[in-house]
Amino acid sequence: MRGALIIPGLHGSPDGHWQTLLQSHTPFARRVEQDDWDAPVLDRWVERLLSSADANPGAIAVAHSLGCILIAHAALRVPDIKIGGALLVAPADVETNTDAFPQLRNFAPMPTTSLPFPSIVVASSNDPFMSLQRARMLAESWGSDFVNMGDAGHINIASGFGWWPAAHGMVDALVVTADAAQQRKTRLFRDMPGKRIPAA
């Protein structure tokens, strides 16, 4: 069974946040803990994510806000990162409108390289931290499916997102996609001349 890696953004995800509730209702879910949720440092956050991915290979990453940008940075640095898929909700724009949150600037520029695993970007038409157009462009660059939630703010507690069943559905869909991709990869490897699947 694939687990889940919960990856909050700036300030973390408190009790009542949809990420925290999803974690409590998902078997084998683990949170990527950071030393300081209020003062993110890119290199340290990437290191902690990579360590968590290594310890939970094939897990589905469930990211919010700055956590989405963190995943893109980690995948750019380590293309074979051990993530099976990613749900990327309300990515934060770390390149513009950061006057109120200057600590986000060390995550710029936003990586635009295609992600090496299936992913879904979920965005809002009135998110104060990223315009819908930029979120859609980012999803295209990452090779992600795109979901427009309409007027949903930053898709957090303030905008009414506590228990969020749709998030569970999207995680389940990513598990199916990741399993299918792994099966295709296994078949291709098996069919290559001179290649053998090691015995279990």
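The structure we're discussing is the one just above.
Not measured: the values here are computed from a predicted model.

About the thresholds
Residues numbered from 1 in each chain as written. Predicted model: local features only at pLDDT ≥ 70, side-chain atom pairs only at ≥ 80, totals over all residues. Heavy atoms only, no water. Pairing = 2+ DSSP bridges. Helix = DSSP H or I, 4+ residues; strand = E, 2+ residues; numbered from the N terminus. Axes fitted to C-alpha atoms, helices over the stretch in contact; angles between N-to-C directions. Salt bridge = Lys/Arg side-chain N within 4 Å of Asp/Glu carboxyl O. Core = buried A, V, L, I, M, F, W, Y, C linked by side-chain atoms within 4.5 Å. Buried < 20%, exposed > 50% of the residue type's maximum accessible area, 1.4 Å probe, protein only. Contact = heavy atoms within 4.5 Å.

(A) A look at the sheet that holds strand E4 (residues 83-89). Judged by pairing direction, the sheet is parallel, and its six strands sit side by side in the order E2-E1-E3-E4-E5-E6 without closing on themselves. Strand pairing shows two members of the sheet lacking a second neighbour, strand E2 (29-31) and strand E6 (145-148), which therefore form its edges. Taken pair by pair, the neighbouring strands of this sheet meet at an average axis angle of 20°, ignoring direction. Bridge count for strand E1 (residues 4-7) against strand E3 (residues 59-64) is four bridges, and the pairing is parallel. Looking at E3, one finds that Ile6 is bridged to Val62.

(B) Inspection of the pattern of salt bridges at higher detail. Evaluated as defined, the whole model comprises six salt bridges. A salt bridge links Asp99 to Arg105; the shortest N-O distance between them is 3.2 Å. Each member of the salt-bridge network shares a partner with another, and the members are Asp93, Glu95 and Arg134.

(C) Quick look at the nonpolar core. One finds Ile7, Ile69, Ile71, Leu88, Phe107, Phe117 and Trp142 to be the most contacted residues of the largest nonpolar core, which totals 39 residues. Elements that contribute at least two residues to this core include exactly E1, helix H2 (42-55), E3, helix H3 (66-77), E4, strand E5 (119-123) and helix H4 (132-142). At eight residues, the largest contribution of residues to this core is made by H3. Beyond its immediate sequence surroundings of up to four residues, Trp142 is in contact with Cys68, Ile69, Ala72, Leu88, Pro111, Thr112, Thr113, Ser114, Leu115, Ser119 and Val121. Residues Val122, Ala152, Trp164 and Val171 belong to the second largest nonpolar core, which totals 21 residues.

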